[in-house]
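So you can see what is in the structure, the chains are spelled out below.
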Amino acid sequence: MSDFRHLNVDQYDEEALYLADIVPEDPRSPQELAQIAQAKQGSARTRMASGDMVGALQEALHDPPTGSQALEARRMSWSLIFDILSSTRTADILTTVKALSGDERDTLMKYLYRGMELVRTPGEAGSINGAVLLSWHEKLTQVSGTGCIVRVMTDRRVV
């Protein structure tokens with residue numbers, strides 16, 4: 001009697017909309033995306049060591065890996081961005097956010113929400129400090145306004 005519940009009725013609907021139709025997958029392979037993320041890590045960490053947090057954050061936010069196939073690259077990018085956010089002094093957050101372009105601010109907001117999701121997930125939080133994410137969110141919203149939040153919430157690409 002419950003066989004009808006396993007039937008995908010969307011397969012008969014010609015106007016059904018799928019995620020792949022809205023957001024195409026990244027054409028690069030997962031290995032290539034992981035290599036790009038590793039190269040970014042090296043470059044951004046060099047900038048961090050020299051004290052250029054703005055440059056390191058811009059490097060990390062440029063061309064983020066998206067899609068379901070890029071799990072390793074997405075994990076490495078998140079780790080790098082959280083290290084940059086944690087290493088930036090609280091007094092420098094506002095000037096750092098102001099130095100970013102509009103697209104970089106939107107991408108940073110995506111990563112902040114990704115971090116908040118990880119904090120909320122039991123067992124995955126690890127060493128993520130929610131206070132760091134909230135202070136960055138406050139300054140980013142102060143500079144970019146609520147439009148940044150709306151753009152991130154409606155964008156289907158996941159970082």
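Just so it is clear, the model here is predicted, and its values are computed rather than measured.

## So, helix α3 (residues 53-61)
Looking only at α3, the buried set comprises M53, G55, A56, L57, A60 and L61. Each element contacted by the buried residues of α3 is listed here: α2 (30-49), α4 (71-87), α5 (93-99), α6 (102-120) and α7 (130-144). Backbone geometry just after α3 places D63 at a positive phi near 50°.

## Overview of the packing of α3 against α6
The relative placement of two packed helices comes down to the angle between their axes together with the axis-to-axis distance. Where α3 contacts α6, the axes come no closer than 10 Å and their chain directions differ by 80°. When the axes of α3 and α6 are compared, the pair comes out roughly perpendicular. Across from L57, Q58 and L61 in α3, the residues of α6 making contact are E104, T107, L108 and Y111. When its residues are assigned to classes, the contact of α3 with α6 shows 4 nonpolar, 2 polar and 1 charged.

## Thoughts on the nonpolar core
The tendency in soluble globular proteins is for nonpolar side chains to be buried side by side. Counting 30 residues, the largest nonpolar core has L57, I81, I84, L85, L108, L112 and W136 as the members making the most contacts within it. Contributions of two or more residues to this core are made by α2, α3, α4, α5, α6, α7 and α8 (146-154). With 6 residues, the single largest contributor to this core is α4. The contact partners of L57, leaving out residues within four places of it in the chain, are I81, I84, L85, T96, L100, L108 and W136. Grouped together as the second largest cluster of nonpolar side chains are 6 residues, L33, A37, A70 and M76 included.

## Notes on the pattern of salt bridges
The full count for this structure, using the stated rule, is 10 salt bridges. Across the pair R28 and D63 runs a salt bridge, and its minimum N-O distance is 3.0 Å. With R28 in the loop between α1 (19-22) and α2 and D63 in the loop between α3 and α4, the pair connects residues that are 35 residues apart, well separated along the chain.

Conventions used here
- Residues numbered from 1 in each chain as written.
- Predicted model: local features only at pLDDT ≥ 70, side-chain atom pairs only at ≥ 80, totals over all residues.
- Heavy atoms only, no water.
- Buried < 20%, exposed > 50% of the residue type's maximum accessible area, 1.4 Å probe, protein only.
- Helix = DSSP H or I, 4+ residues; strand = E, 2+ residues; numbered from the N terminus.
- Contact = heavy atoms within 4.5 Å.
- Axes fitted to C-alpha atoms, helices over the stretch in contact; angles between N-to-C directions.
- Parallel < 35°, antiparallel > 145°, perpendicular 65-115°, else oblique.
- Nonpolar A, V, L, I, M, F, W, Y, C, P; charged D, E, K, R; others polar.
- Core = buried A, V, L, I, M, F, W, Y, C linked by side-chain atoms within 4.5 Å.
- Salt bridge = Lys/Arg side-chain N within 4 Å of Asp/Glu carboxyl O.

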